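# Understanding the architecture of this molecule
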Amino acid sequence: GTDLEVVGGQSVETGDGVQKVEIGATLIADRIVNAVAVDLQDQIDELREPVKKYLFVGDSYADGYTPDGDVTAWQTIIKTKLGLADSQFVTTHQGGFGFGRPAEYNYYTLISALADDANITDIVIGGGYNDNASSQVDITSGITNVYNLCKTKFPNAKLHIAFIGWSKNAAAKTALQA
């Protein structure tokens, strides 16, 4: 006759090529096909979401600077909130940088200096204040250039842009809100 055994909390019919193979409480294989143990763990692992690796790019706010004084940097807060290990993120930041700024102060320059990394899954660029004197054309062109660079250097990544910046100066605040 055919026996029924409990495997991982489920009833499984044994015989006819189905066999339970366990070491202790660890299920090694839950199918035997043509005398070959099929490890379904490999198939389960393929379905899991890949481990994310982030690239954080920013200006002085990524240094932890604000007009009111130093605070915990935004990328440090995100790293902590997401529970990222040090191996799951890369950061590059420099005060005064932006999208519409000249080359020596442009995010493109910061990102160009990084090694290519196909393991980067998400790029988060946070800034804004330093572009307050840049034209919309310069900012849009800068974003497009950074996007194209990121597609080449980090082909598996999604790009996220976050506006981070404010000013106590009324004229600068108005320019940032425009």
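Before reading further, recall that the structure is shown in the block above.
Below or above, wherever it landed, is the structure these notes cover. This is a predicted model, so every value here is computed, not measured. (Residues numbered from 1 in each chain as written. Predicted model: local features only at pLDDT ≥ 70, side-chain atom pairs only at ≥ 80, totals over all residues. Heavy atoms only, no water.)

The next subject is the overall build of the protein chain. When helices and strands are counted, the protein chain shows six helices and 10 strands. The buried share among the 178 residues of the protein chain stands at 32%. (Helix = DSSP H or I, 4+ residues; strand = E, 2+ residues; numbered from the N terminus. Buried < 20%, exposed > 50% of the residue type's maximum accessible area, 1.4 Å probe, protein only.)

Judged by nonpolar contacts, the single largest core of 15 residues is most densely connected at Val-57, Tyr-107, Ile-111, Ile-123, Ile-125 and Phe-154. Of all the elements in the fold, those that place two or more residues in this core are strand 7 (54–58), helix 4 (107–112), strand 9 (122–128) and helix 5 (136–153). Setting aside its immediate chain neighbours within four residues, Ile-111 contacts Val-57, Ile-125, Val-146, Leu-149, Cys-150, Lys-153 and Phe-154. Ranked by size, the runner-up nonpolar core spans eight residues in total, among them Tyr-54, Phe-56, Leu-84 and Val-124. (Core = buried A, V, L, I, M, F, W, Y, C linked by side-chain atoms within 4.5 Å. Contact = heavy atoms within 4.5 Å.)

Our next topic: the sheet that holds strand 9. With parallel pairing, the four strands of this open sheet are ordered in space as 8-7-9-10. Two strands bound the open sheet, and with one partner strand each, they are strand 8 (89–93) and strand 10 (158–164). For this sheet, the mean inter-axis angle between neighbouring strands, taken without regard to orientation, is 15°. As paired elements, strand 7 and strand 9 share five bridges and run parallel to each other. In the strand pairing of strand 9, Leu-55 is matched with Ile-123. Packed onto the sheet, helix 3 (residues 74–82) meets strand 7, strand 8, strand 9 and strand 10 and runs at close to 160° relative to strand 7. (Pairing = 2+ DSSP bridges. Axes fitted to C-alpha atoms, helices over the stretch in contact; angles between N-to-C directions.)

Tallying each qualifying case throughout the model produces five aromatic pairs. On the basis of an interplanar angle of 75° and a centroid distance of 5.9 Å, the ring pair of Phe-97 and Tyr-105 is categorised as edge-to-face. Of the residues examined, Phe-97 reaches a relative accessible area of 7% and is grouped as buried. Judged by centre distance (4.9 Å) and plane angle (80°), the rings of Phe-99 and Tyr-107 are edge-to-face. (Phe/Tyr/Trp six-rings, centres within 6.5 Å; stacked < 30°, edge-to-face > 60°.)

Spacing of three or four residues puts side chains on the same side of an α-helix, whose turn is 3.6 residues. When the terminal C-alpha atoms of helix 5 are compared, their 26 Å separation across 18 residues agrees well with the 26 Å that a helix rising 1.5 Å per residue should span. Among all positions in helix 5, only Gly-142, Val-146, Leu-149, Cys-150 and Lys-153 are buried. Viewed along the axis of helix 5, the buried residues span an arc of 100°, placing them on a single side of the element. Within helix 5, the exposed residues directed more than 90 degrees away from the buried face are Gln-136, Val-137 and Thr-152. (Expected span 1.5 Å × (residues − 1). Arc of directions from axis to C-beta.)

This brings us to the pattern of salt bridges. Enumeration according to the criterion identifies four salt bridges in this entry. Taking the shortest distance from any N to any O, the salt bridge between Lys-79 and Asp-86 comes out at 3.1 Å. Among the residues examined, Lys-79 registers a relative accessible area of 22% and is labelled partly exposed. (Salt bridge = Lys/Arg side-chain N within 4 Å of Asp/Glu carboxyl O.)

All right, on to the environment of Pro-102 then. Assignment of secondary structure puts Pro-102 in the loop between strand 8 and helix 4. Residues Pro-102 and Asp-138, 36 residues apart in the sequence, show an inter-C-alpha distance of 9.4 Å.

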